[in-house]
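# Commentary on secondary and tertiary structure
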Amino acid sequence: MSLWSRADQNPEGSRALLAEARQVSSSLHNDGLIVRTDYRIARDLLDEGNVAEGGARFESIVDRVRKSGDKPLLAQALVSLSAARMRSDRHDEAIELCREAAKLLESAPNPLTSATIENNLGWSYLQLGNEPEALEHLRRSVELYRNINNAAAGEVTVLRNIAAYEARKLQFREAAKELMRADQAAASLPDDRRAAVLTDLAEAYIVDHELEPAESTISKARALAKFNGRIVSHDDAHIVFVEAMIEDARGDTRAETGYRQVANSTVAWSSMRLEAALKSARWLAAHKRADEAEAQFRAAEALLEDMRQSLDHDDSKLSFFADAGNIYNEYVDLLVSRHKDLEALQAADRSRARLLSDYQKVGLGGLDLAHLQSRLKTVDGIALSYWIGGEHSYLWIIGDHVFERVTLNAPPAAIRDWARTYFEATSSPAELPAAAIDAGKHLRETLLVPAQKYLTHDRRVFMVLDGQLGLLNPESLPGAQSRWWIDEAIVSAVPSLALLERPPDTLQPTSLLLAMGDADPSPGFPKLAQASAELGAITRLFPSALTREFAGSAATPSAYGHANPGQFQMIHFTAHGKAEAGNPLDSAVVLSKDPATQANKLYAREIVDIPIHARLVTVSACKSAGSRTYRGEGPVGLAWAFLRAGAGQVVAGLWNVNDEAGEDLMARFYEGMRTRNLPPAVALREAKRALIKTYKHPYYWAPFEIFAGYVEP
């Protein structure tokens, strides 16, 4: 019997036997045996919860196999490393590894490895909040497994993951059905594998408020797992977690102890630890142990941030936080209930603009109220920060010697519905229907009236607009003494209050204007009739020696980078915009084709990688502000990308822009800045008010909004 077989027969002594096998393999200089032994050691380490060491061994295996040129073996090694990355919540890295492995298998197919790749992709996408992509891969995986002999273990895993998807969609009955199928498939597997399936099934029952089936199922799981109450694996932690949920439903005070055990476990996966910490905080709050509840919310927030920081890619961080950031709803509510209004605002603000905060070095230190008030004082400004939560909504009002919190007198769902209705009406040239007019009135009464005493005429107002509100232009709401609120206030949207504290960039660019646009037509993007006139009206206002213009066929994506945009005080685009709600970092400015690459889109993901120091970036394009709002970030699109790249302020479009009205607006906007020395927010507002005389519907004058990254004096 080989050392590896003896290790399989004797799990408790396997580590020593595998170490002996490793030593023998090394003495024989047999790379194949070394890899095989290290695979077993790394797999055991992962099973024991030692993710760091197991992952390091898999990294070493991948490095060695790359040198061998063995494509099938490298694909397997990459998939194994992806599993380690998944256990570390580095799901975007896991996806990259699986993609590389799948590419290798194109020339050397292996159905079992392909099935594992699809499962790992599905699970990682699910954890990142990309549910449609997750389900597509999981379904493909289960079909592959069912056509492979002796692949019950893989089939069970993917069925459990499909059940997790169903549970994420709150379809608990469907989740239970998938788990029953998994239980049947697990009949030939070791007891501990079936126990894991039954634990999942018990959780599906309890979240669907079926206590009796949950209790009987978790009892079977505990017996099969031979669980003695000591958590030594993730599966053990899961049993404790489900038992705590059942105790919680029964009103048993032992529930919180179980939650805390899981939250503090070193072997439970981070996603379960996060959920356990949240349930512990919720339980403590319900039982009037508020200090302990706050501590648990802080622990959950710290764990959430650790999980987010473990991701490498911006799009992964966006979707992950949008999916997991709901802990703040209850945290903010708890702080408000304890009359800790400043702490509640700070917690709410920490949940905003997380990626922008990372790149602007704001971090989790968060909002300094006195500093913000001093910044607002320089322009006699007032900040309105909105929070549209799960059960309650709030407004914080901040100004010089002003700090007030108001609970909004409308349900969060109603506010979201009104915002959606009003946005749809104002973003269309059709006459505003009665439902939209009513929605506008409700929004004004809910959002603006509570702050009315601070909204003195022509005051600078900086608004943090939460969730669905982020797609609105507040200027288009009804005013107190006028048709539109734009006549009463100078409004800027801001991603977060902490970002607003930043001083203007101290680096002063040497050139004044970089202008790009009037691009050649391409499929789906015809020539803009007024683009040439708009560019001409703007560039004439600047000295030619300090201006760089790329128009027509010269306005290519590569020209932007080659122009060294960091040297310009202002950057202007007159072009089509392409908004991508599914993946907003694929939003783009549509330009002329690069002769070398034939590419004609300057993508948001490319924009963020080119540092700029511009006081102002203007994207005179349709839907350039972003067509999707993310919890933890706000609207994400071209405006967000330029702010992240370093712009102080960005003017961008919330909806489709009328060509003639847009050209008129931009000419007036730049004329106000250049000939009257108006700040951008003031100049944009004055240009809109002049436009209203001709174009009265908000569709024509309100698509452009200014997003402020700091308070400009």
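Here, the structure is the one placed above.
Attention now goes to the overall build of the protein. A count of helices and strands for the protein gives 31 helices and 16 strands. Residues counted as buried form 58% of the 713 residues belonging to the protein. For the protein, the proportion of contacts with a sequence separation of at least 24, taken over those separated by at least 6, is 68%. Total accessible area on the protein stands at roughly 29100 Å², and carbon and sulfur atoms take up 49% of it.

Turning next to the nonpolar core. Formed by 106 residues in total, the largest nonpolar core has its most connected members in Tyr386, Leu469, Phe642 and Phe669. If near-sequence neighbours (up to four positions away) are discounted, Phe669 is found in contact with Leu616, Thr618, Val651, Pro680, Ala683, Leu684 and Ala687. Ranked by size, the runner-up nonpolar core spans 72 residues in total, among them Leu211, Val336, Leu372 and Val494.

Pairing is antiparallel in the open sheet, where three strands are placed in the order S9-S10-S11. Each edge of the sheet is formed by a strand with only one pairing partner; in this case those strands are strand S9 (576-578) and strand S11 (601-603). The mean angle between the axes of side-by-side strands here comes to 25°, regardless of whether they run parallel or antiparallel. Here S9 runs beside strand S10 (residues 588-590); their pairing, made up of three bridges, is antiparallel. When the bridges of S10 are listed, Gly577 appears paired with Val589.

So, on to the environment of Val379. Here Val379 lies in the loop between helix H21 (369-377) and strand S1 (381-388). Accessibility expressed as a relative area gives 13% for Val379, which makes it buried. Distance in space between the C-alpha atoms of Val379 and Arg460 is 7.0 Å, their sequence separation being 81 residues. Apart from residues no more than four positions distant in its own chain, Val379 is found in contact with Arg460, Phe462, Val711, Glu712 and Pro713.

As a further point, take unusual backbone geometry. A positive phi angle, close to 55°, is found at Lys226, a residue other than glycine. The residue Lys226 is located in the loop between helix H12 (211-225) and helix H13 (234-250) in this model. Look at Lys226 and you get exposed, because its relative accessible area is 64%. For Asp518, which is not glycine, the phi torsion reads 55° and is therefore positive. In this structure, Asp518 sits in the loop between strand S6 (511-517) and helix H25 (531-539). The buried category is assigned to Asp518, whose relative accessible area is 14%.

Counted by the stated rule, this structure contains twelve aromatic pairs. An aromatic cluster of at least three residues, connected via ring pairs, comprises Phe542, Phe669 and Tyr670.

Turning next to the side chain of Glu155. Position of Glu155 relative to the elements: it lies in helix H9 (residues 152-168). Glu155 sits in the buried class, given a relative accessible area of 17%. Ignoring any residue separated from it by four or fewer positions in sequence, one finds Glu155 in contact with Val142, Tyr145, Arg146 and Ala185.

Side chains that differ in charge, positive against negative, can pair when their charged atoms come close. Tallied over the entire structure, the rule returns 42 salt bridges. Between Glu178 and Arg181 there is a salt bridge, and its shortest N-O distance comes to 3.1 Å. Placement of both Glu178 and Arg181 in helix H10 (residues 172-185) is noted, with a separation of three residues, approximately one turn of the helix. On the basis of relative accessible area, Glu178 is assigned to the buried category, the value being 13%. With a shortest N-O distance of 2.6 Å, Arg615 and Glu712 are connected by a salt bridge. You can see Arg615 sitting in the loop between helix H27 (604-607) and strand S12 (616-620) and its partner Glu712 sitting in the segment after strand S16 (704-708), a full 97 residues away along the chain. Classification of Arg615 by relative accessible area gives partly exposed; the value is 28%. Each of Asp291, Glu294, Arg298, Arg338 and Lys340 takes part in a single network of salt bridges with overlapping partners.

By secondary structure assignment, the location of Gly566 is in the loop between helix H26 (557-562) and strand S8 (568-574). Classification of Gly566 as buried rests on a relative accessible area of 11%.

Our next topic: the packing of helix H11 (residues 191-207) against H12. Interaxial distance between H11 and H12 falls to 8 Å at its minimum, and their mutual angle equals 165°. Our classification of the angle between H11 and H12 gives roughly antiparallel. For the crossing formed where H11 meets H12, the hand is left-handed. Contacts from Asp191, Asp192, Arg194, Ala195, Leu198, Thr199, Leu201, Ala202, Tyr205 and Ile206 of H11 reach H12 at Leu211, Pro213, Ala214, Thr217, Ile218, Lys220, Ala221, Leu224 and Ala225.

On to the pairing of strand S7 (residues 547-551), then. Taken together, the five bridges between S6 and S7 define a ladder with parallel strand orientation. Opposite Met516, over in S7, you have Phe550 as the bridge partner.

When you tally the buried positions in H25, you get seven out of nine residues, the bulk of the element. Considered for burial, the residues of H25 that qualify are Ala531, Glu534, Leu535, Gly536, Ala537, Ile538 and Thr539. Close packing links the buried residues of H25 with S6, S7, S8, S12 and helix H29 (659-675).

Attention now moves to the pairing of S6. Buried residues dominate S6, accounting for seven of its seven residues. Where S6 and S8 come together, six bridges link them in parallel fashion. Across the sheet, Met516 pairs through a bridge with Phe573, a residue of S8. What joins S6 to S7 is H25, and the crossover it makes is right-handed.

This paragraph deals with the packing of H13 against helix H15 (residues 270-286). In contact at an axis separation of 11 Å, H13 and H15 are set at 25° when each is read in the N-to-C sense. The angle between H13 and H15 falls in the class roughly parallel. When you trace H13 past H15, the crossing you get is left-handed. Of the residues in H15, those in contact with His234, Ala237, His238, Phe241, Met245 and Asp248 of H13 are Met272, Glu275, Ala276, Lys279 and Trp283. Considering only residue class, the contact of H13 with H15 consists of six nonpolar, two polar and three charged.

About the thresholds
- Residues numbered from 1 in each chain as written.
- Predicted model: local features only at pLDDT ≥ 70, side-chain atom pairs only at ≥ 80, totals over all residues.
- Heavy atoms only, no water.
- Helix = DSSP H or I, 4+ residues; strand = E, 2+ residues; numbered from the N terminus.
- Buried < 20%, exposed > 50% of the residue type's maximum accessible area, 1.4 Å probe, protein only.
- Contact = heavy atoms within 4.5 Å.
- Areas by Shrake-Rupley, 256 points an atom, 1.4 Å probe, with all protein chains shown as cover.
- Core = buried A, V, L, I, M, F, W, Y, C linked by side-chain atoms within 4.5 Å.
- Pairing = 2+ DSSP bridges.
- Axes fitted to C-alpha atoms, helices over the stretch in contact; angles between N-to-C directions.
- Phe/Tyr/Trp six-rings, centres within 6.5 Å; stacked < 30°, edge-to-face > 60°.
- Salt bridge = Lys/Arg side-chain N within 4 Å of Asp/Glu carboxyl O.
- Parallel < 35°, antiparallel > 145°, perpendicular 65-115°, else oblique.
- Left-handed = near helix turned anticlockwise from the far one by under 90°.
- Right-handed = clockwise from strand over helix to strand, strands pointing away.
- Nonpolar A, V, L, I, M, F, W, Y, C, P; charged D, E, K, R; others polar.

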